[in-house]
Amino acid sequence: MSRVYNFSAGPATLPEPVLQQAADEMLDWQGSGMSVMEMSHRGKAFVSIAEQAEADLRELLQVPDNYKVLFLQGGATAQFAAVPLNLLGKAEVVDYVNTGSWSKKAIAEAGKYAPRVNVVAEGGKSDPMSIPDVADWQCDPQAAYLHYCANETISGVEFHDVPATAGDVPLVSDMSSNFLSRPIDVSRFGVIYAGAQKNYGPAGLTVVIVREDLLDRASDQTPSIWHYQAQAEADSMLNTPATYSWYIAGLVFQWLKREGGLTAMAERNARKAGKLYEAIDASDFYRNPVHPSARSQMNVPFVLADDSLDAAFLSEAQAAGLHTLKGHRSVGGMRASIYNAMPESGVDALIDFMADFERRNG
Ligand SMILES: Cc1ncc(COP(=O)(O)O)c(C=O)c1O
């Protein structure tokens, strides 16, 4: 068996010990005589898996008691609709920050349900790209909530801190691509949501963390499966949940705890991203288009000074065991996604390859 370094933006690389444990338990989960995939979601065995996963996630993120943790389906894209459906209440307006492609998709979906979507700030267009200063955001104090994308997976623009907004409008964040990459203060948020397939599991699962006092605002039209209160009351089992993805996410949470939790992850991620950006900045051959204050620690896009070398870069990288480095089709160039599960040795190998490629082609 030989595994490659997989820089895919998602579905993305998973920790090897997690995959190994899943393989060991595949045919017979802990003496049950069956695979987790074959278990009833209402049986004792799966309920214990689900409860342990929630407990471990709560511990990792220090989720306060007045928050529900939901394990839903439909990806973050479902949440683009679920957020306005659940939170609009009697309000006439919702606030959104636009920092790139994923913000835009969330804004477009909110427009289907909210009478007015107020875009408080536009980022992502400047060169280098940056996040507009929070002091300049044109927030509406009547808004039902303020939404932002914590990490724009495509352009590699990340909020390094929770924006310090004034007033008590609930903050909602799409953390799909940097969830569990560092500690966060959950009490600052009304809702946090994140699809699993980047930083904590296989596709098919989306964690939603929601403050309890926001559970009574849902529109009557909200589909039951995305109705936060209904799902909270049903322990996220209003219908058959994504059992296997939930189980693997649980194994990832245990792996994170063994690795030292989110503080250790934050240090590791800062080191990995720091050395990759340093290598890019030290060269005229490669360039990252994001201002240092907003550079993502998870997704590092870069372009070659001569884009006619892109195809050679990608094929030679692949031959060297460095896979899925092609940038998103909307921006081109390269993108290295270096989530929690990407070992530091993978980043080192990429940096060495880049230096060697530059020597041969620069
Ligand atoms: C930041 C962000 N939000 C939303 C999505 C959409 O997620 P999904 O495909 O799980 O609906 C993605 C995924 O690619 C993403 O990176």
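Residues numbered from 1 in each chain as written. Predicted model: local features only at pLDDT ≥ 70, side-chain atom pairs only at ≥ 80, totals over all residues.

Attention now goes to the domain arrangement of the protein chain. Once the domains are mapped, the protein chain shows domain 1 (17-258) and domain 2 (261-361). Taken over C-alpha atoms, the centre of domain 1 sits 27 Å from the centre of domain 2. Counting residues at the interface gives 24 residues for domain 1, matched by 23 residues for domain 2. The set of elements that each furnish at least two residues to the side of domain 1 that touches domain 2 consists of β7 (157-158) and α6 (243-258). Class assignment for the residues of the side of domain 1 that touches domain 2 results in nine nonpolar, 10 polar and five charged. (Domains from an automatic or database assignment. Contact = placed C-beta atoms within 7 Å. Helix = DSSP H or I, 4+ residues; strand = E, 2+ residues; numbered from the N terminus. Nonpolar A, V, L, I, M, F, W, Y, C, P; charged D, E, K, R; others polar.)

What follows is about unusual backbone geometry. With an omega of -10°, the peptide bond running from G10 to P11 counts as cis. With a phi angle near 50°, Q62 is a residue other than glycine that sits in the positive phi range. Turning to its location among the elements, Q62 is positioned in the loop between α2 (44-61) and β2 (67-72). The exposure class of Q62 is partly exposed, given the 13 C-beta atoms found within 10 Å. One non-glycine residue, T324, lies in the positive phi region at around 60°. Structurally, T324 is set in the loop between β13 (322-323) and β14 (334-337). (Buried ≥ 20, exposed ≤ 12 C-beta atoms within 10 Å, placed from the backbone.)

This brings us to the sheet that holds strand β5 (residues 146-149). Strand order in the open sheet formed by seven strands is β2-β10-β9-β8-β5-β3-β4, and the pairing between neighbours is mixed. Edge positions in the sheet fall to β2 and β4 (116-122), since each has one partner strand and no second. Neighbouring strand axes in the sheet, compared pairwise and without regard to direction, differ in orientation by 15° on average. Bridge count for strand β9 (residues 191-195) against strand β10 (residues 206-211) is five bridges, and the pairing is antiparallel. Paired with Y193 across the strands is V208, a residue of β10. (Pairing = 2+ DSSP bridges. Axes fitted to C-alpha atoms, helices over the stretch in contact; angles between N-to-C directions.)

Relative to the helices and strands, P202 is located in the loop between β9 and β10. Each C-alpha atom of the pair P202 and L276 lies 26 Å from the other, and the pair is 74 residues apart in sequence. Contacts of P202, omitting those with residues within four sequence positions, involve P11, A196, Q197, S245 and I248.

Inspection of the region around the ligand gives G10, G75, A76, T77, W102, C149, T153, D174, S176, S177 and G195 as its neighbouring residues. A total of three residues in the shell around the ligand trace back to one element, the largest contributor, which is helix α3 (residues 75-87). Class assignment for the residues of the shell around the ligand results in three nonpolar, seven polar and one charged. (Near = placed C-beta within 6 Å.)

Looking now at the nonpolar core. Among the nonpolar cores identified, the biggest contains 101 residues, and V94, A110, V191, V208, A249, V252 and I338 are the most heavily contacted of them. The element best represented in this core is α6, accounting for eight residues. The residue makeup of this core includes at least three contributed by each of domain 1 (17-258) and domain 2 (261-361). (Core = buried A, V, L, I, M, F, W, Y, C linked by C-beta atoms within 7 Å.)

This part covers the sheet that holds β14. One open sheet holds the three strands; their spatial order is β11-β12-β14, and the pairing between them is antiparallel. Pairing within the sheet leaves two strands with one partner each, and these edge strands are β11 (286-287) and β14. Pairing of strand β12 (residues 299-304) with β14, which is carried by four bridges, proceeds in the antiparallel orientation. The residue bridging N299 from the neighbouring strand is S337, located in β14. Here helix α7 (residues 261-281) sits on the sheet and contacts β11, β12 and β14; the angle it forms with β12, its principal contact strand, is near 15°.

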